[in-house]
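Residue-level listing of the chains:
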Amino acid sequence: MSTTVETFAELGLSESLLKTLSEIGYETPSPIQAECIPILLEGHDLIGMAQTGTGKTAAFALPLMEQIDIKLAKPQALILTPTRELAIQVAEALQSYAKNLPGFHVLPIYGGQSYTIQLKQLSRGAHVIVGTPGRVMDHLERKTLNLDNLKTMVLDEADEMLRMGFIDDVEWILERTPPQHQTALFSATMPDQIRRVAQKYLVDPREIKIKSATATVAAIRQVYWQVSGMHKLDALTRILEVEEDFDAAIIFVRTKTATVELADKLSARGYAAAALNGDLNQQMRERVIEQLKSGALDIVIATDVAARGIDVPRVSHVVNYDIPYDTEAYVHRIGRTGRAGRTGNAILFVAPREIRMLRTIERATRSPISPLTLPSRADVTNKRVADFKEKVAGVLNAEGLDFFANIVSQIAEEHSVSAEEVAAALAMMAQEGKPLQIVGEDPRPAPPPPRDDRRPGVFGDRPERKPRFDERGERGERPARSEDRPRREERAPRPAPAGDMVRYRIDVGREHGVEVRDIVGAIANEAGIESRFIGRIGLYEDSSTVELPAGMPGEAANALKRTRIRGVPINLRPDEGRPGGGAAGGFTGERKFDGERKPAGGERKFNGDRSVFKKKIDR
Ligand code: AMP
C-alpha cells in the first residue's frame, strides 16, 4: 500500500462515522481515502485523480458528511454524477455511511424520474443531493432546488460528464452556486477542459493522484474472470475445482465482514476455509496462518492488512475476489503465491465497471493478465471423474482387496448382474453427497472487454448503466463549423441501428450551440433510451432531427417532449419525412423493435434483451 495510514481514526473522522465504518467492515482506508479525507476535512478544495474501485466515493462522502448540520433540513452538499445509475449508487453509499446519523437524508435526482416525486422529496428537505447535471439544472431553474446553504460541491467522474456532453451544464450549475463552499473534483483522467473547469471554479485546490508506480511481478500466472452470468461464489468454487496444481489459496476481499461471510460459505461447501482479518488478535492470526501451513486449512479469506507479509509456500493460488484499490495492493496480494521457487497463480475477479482498473494494473505491472474462461459443467465433471479414477486406481494394489473382490463376486452372482454393475453401485455409494456431475445451464461468457480503457466499449466499465454515446467511437467530434459548408443534414458516422426507425424533429440546432453529443446525451439520459439505439442525427441551424426506434412508449415520448437541451425545450415530435424505408410509429408505439405487430392494447414497450426503452417514465 502506498500509504502508511492504517486506520480511519488517524484521518480525523468523528466517532460516529468511525463506528459506522467498523460496522460495515471497512478495516483500513484505501490510499485515495487516506490522502483526500484529511484535506477535505481541513476545508480545502481538491482535485482527486482516481477511478472507480479506488474507494473515491467514501473519500469525498465521509468528509462532507462531517459538515452536515442535521437540524438544517436544506441541501448542504451537492454531488454531480454523469449517470443516474452512479447517482443512485453514490446516494446509497452515503446512506450506508449515515447508519449512525439519525435524521440524515440524501436524495438522488436524475432525468427520467417523475418530477412530482422529486418535488415532494425535495420539499421534505434533504441534506445531500446527488444528481445528474441536466436534472439538477432543471430544478435550479424552476427554483425547486435551493443551494443557499451549500457547503460542499462534488463533481464525480468529471471526465465522464465531459464525454457525455454535460460539461456546459456542470459549469452552468457551478456559476449558480454560492461562492462560499468547498469543491472537490474527481476524475479518472484530466483532459484540458476538466483542468480548465478546475482552474476556474476551484480555489487553491490540493491535487491527489493515486500513484500507479510501475512494479514488477514475479513469474506468476495471472488471469482474470470478468464477472457475469454467475455468482462470484459459484464461479470461485468452479475455478478452484478445476485449477491444476491447486494446493492452498488466499482469497482477498475488501471488508472484514466479507472475510467471515465467504469463509462460512466456503466451509459450508466443504472447503477447509477460515477468515483472517483485523478483528483477530495476533495469536488468532498466527494460528490461522499455522493451520494454512500445516494443511489443516486450504483456504484463507483475508483483507489486505491482515494478509500482509504472509509467507506460506504451499499457497498455490491467490484470488482477488474483490479487485484491489491500486496496483501496489495487487502486487502485494499476488506476492503471497509463487513463493520458495514454486509456481504461483493469481486469479482476479473483475466486474465490468472495473475493467479500467484491470488495465491500470496491467500497465503498471507491465504484464498482461489473460482472460479466464469459466470452466464449463463438462470441465468440472471431467475433472471430478479424473480425480475419482485416480483415487480408485490408487487402491487397486492395496492389501486386502481380494476380500472385497470376493464380496463383489458374491453380489454379482446373487443378483445375476455383472461385476461391472456391482462396481457402479459401489461407486455411486462412495460418491453419495459428492456428485461427479453438475447439472444446470452454463452461463453465456461475457463479451471480451476492450483493450483501450478510454473507450471502454458498449458494456465497458459500467454495464449496469446505459452505454454511453461515445463508447463505441461511433460519433466522433462534430466536424468544425465552416461557413462554406452546406447546411445539410449532418450524419453521425455510424451505422443506423437495426429495426424500424422513426425520425423526429426537435427545436434545438446549431444556433443554440447544440452538438450531436448533447442530443444523444439528453435523449439517453432523459428518456432512458440506450444510446446505441439512437440513430442518425441531423443538425440544422434552428432545429435538428433524430432517428429513434419505432414504438416509443408514451411515457418516454412525453418525457422527451419536455426535455431541454442547453436550456431550450426540445419539443420532440415526429418529423414529416421518414428515413429510408423505416415504418411510421410516432408516439403511438404500434410496432416493436423487431417489426412484429403488437397485440391490440399491448404494452408499448420493447421486449427482452432488445428493449431500448429502459424503463417506464412517469412524469
Ligand atoms: P468506489 O471506488 O468508491 O466505487 O468504491 C469501490 C468499493 O470499495 C465499494 O464497494 C466500497 O464499498 C468499497 N470500499 C471503499 N472504501 C473501502 C474501505 N476502506 N474498505 C473496504 N471497502 C471499501
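Our structure's up above, just so we're on the same page.
Position numbers for residues start from 1 in each chain and track the written sequence from start to end. Local features in this predicted model are restricted to residues of pLDDT 70 or higher, and side-chain atom pairs are both shown and tallied only at a pLDDT of 80 or more, whereas totals for entire chains, interfaces and linings draw on every residue. Heavy atoms throughout the structure, all of them, feed into the side-chain values; hydrogens and water do not.

**Some words on the pairing of strand β11 (residues 299–302)**
Neither face of β11 is exposed, since I299 and I301 on one face and V300 and A302 on the opposite face are all buried. Here strand β9 (residues 248–252) runs beside β11; their pairing, made up of 4 bridges, is parallel. The residue of β11 that forms the bridge with I250 is V300. Pairing between strand β10 (residues 273–276) and β11: 4 bridges, direction parallel. Opposite A274, over in β11, you have V300 as the bridge partner. Each residue is placed in one exposure class: buried if its accessible area under a 1.4 Å probe, protein chains only, is under 20% of its type's maximum, exposed if it is over 50%, and partly exposed if it falls in between. Strands are runs of DSSP state E lasting at least 2 residues, helices are runs of H or I lasting at least 4, and numbering of each runs from the N terminus. Any two strands with at least two DSSP-identified bridges between them are counted as paired.

**Things to note about helix α17 (residues 401–415)**
Counted at 1.5 Å a residue, the expected span for α17 with its 15 residues is 21 Å, and the 21 Å between its end C-alpha atoms agrees. One or two positions beyond α17, positive phi appears at S416, with a value near 50°. An expected span of 1.5 Å times one less than the residue number is assigned to each helix.

**Here we look at the sheet that holds strand β6 (residues 182–187)**
Strand pairing in a sheet is mediated by backbone hydrogen bonds. Such pairs are either parallel or antiparallel. Taken together, 7 strands build an open sheet; the order of strands is β3-β4-β2-β5-β6-β1-β7 and the sheet is parallel. Single-partner strands in this sheet number two, and they are β3 (106–109) and β7 (206–209). Pairs of neighbouring strands in the sheet enclose a mean axial angle of 15°, with direction left out of account. Across the sheet, helix α4 (residues 84–97) lies against β2 (77–80), β3 and β4 (128–131), angled at about 175° from β3, the strand it touches most. Pairs of residues are marked as contacts when any of their non-hydrogen atoms sit within 4.5 Å. Between N-to-C directions, angles cover 0 to 180 degrees, with each direction set by a line fitted to C-alpha atoms, over the stretch in contact for helices. Each of β1 (46–49), β6 and β7 is contacted by helix α9 (residues 192–201), which is oriented at about 170° to β6, the strand it contacts most.

**Here we look at the pattern of salt bridges**
A pair can form between side chains of opposite charge whenever their charged atoms are brought close. The salt bridge criterion pairs a side-chain nitrogen of Lys or Arg with a carboxyl oxygen of Asp or Glu, the two atoms within 4 Å. Counting across every chain of the model gives 28 salt bridges. With a shortest N-O distance of 3.3 Å, K19 and E23 are connected by a salt bridge. Of the two residues, K19 and E23 are both situated in helix α1 (residues 15–23); the distance of 4 residues between them amounts to about one turn of the helix. Assessed through its relative accessible area of 36%, E23 is described here as partly exposed. One salt bridge in this structure joins D507 and R573, with 2.9 Å as the shortest N-O distance. In this pair, D507 sits in the loop between β15 (501–506) and α19 (516–527) while R573 sits in strand β20 (residues 573–574), placing the two residues 66 residues apart along the sequence.

**Details of α9**
The set of residues buried in α9 consists of I194, V197, A198 and Y201. The arc that holds the buried residues of α9, viewed along the axis, is 100°, so those residues lie on one side. Of the residues in α9, the exposed ones pointing more than 90 degrees away from the buried face are D192 and Q199. The arc in question is formed by the directions pointing from the helix axis toward the C-beta atoms.

**Looking at the site of the ligand**
Near is defined per residue: the residue qualifies when any heavy atom it owns lies within 4 Å of the molecule or strand. Close to the ligand lie 16 residues, the nearest being Y26, Q33, G55, T57 and R254. Compared with its free state, where it exposes 500 Å², the ligand has 80% of that area covered by protein. Residues of the shell around the ligand, tallied by class, amount to 4 nonpolar, 9 polar and 3 charged. The method behind every accessible area is Shrake-Rupley, applied with a 1.4 Å probe, and residues are considered shielded solely by the protein chains displayed. Here the nonpolar group is Ala, Val, Leu, Ile, Met, Phe, Trp, Tyr, Cys and Pro; Asp, Glu, Lys and Arg are the charged ones; every other residue, Gly included, is treated as polar.

**With respect to the packing of helix α14 (residues 327–334) against helix α15 (residues 355–365)**
Running from N to C, α14 and α15 cross one another at 75°; their axes reach a closest spacing of 9 Å. Of the possible angle classes, the one that applies to α14 and α15 is roughly perpendicular. Between α14 and α15, the contacting residues are T327, Y330 and V331 on the first element and T360, I361, A364 and T365 on the second. Grouping the constituent residues of the contact of α14 with α15 by class yields 4 nonpolar, 3 polar and no charged. Oblique is the label for any angle not under 35 degrees, not over 145, and not in the 65 to 115 range, which are roughly parallel, roughly antiparallel and roughly perpendicular in turn.

**What about empty space enclosed by the protein?**
Buriedness for pockets is judged along seven lines, at least five of which must meet protein on both sides within 12 Å for an open set on the 1 Å grid over protein atoms alone, while cavities are sets there where a 1.4 Å probe fits but cannot get out, and lining residues have an atom within 4 Å of a point. Grid points are joined across faces, edges and corners, and a volume is the space filled by probe spheres set on the points. In this structure the tally under the stated criterion is 7 cavities of 30 Å³ or more. Counted as a void, the largest cavity has a volume near 280 Å³. Lining the largest cavity are 24 residues; nearest its centre among them are G134, D169, A522, R564 and I565. Where the lining of the largest cavity is concerned, the elements lending two or more residues are α6 (133–141), α8 (167–175), α19 and β18 (564–565). Here the lining of the largest cavity is built from residues that sort into 5 nonpolar, 8 polar and 11 charged.

Take it as geometry only, folks, not as evidence of what the structure does.
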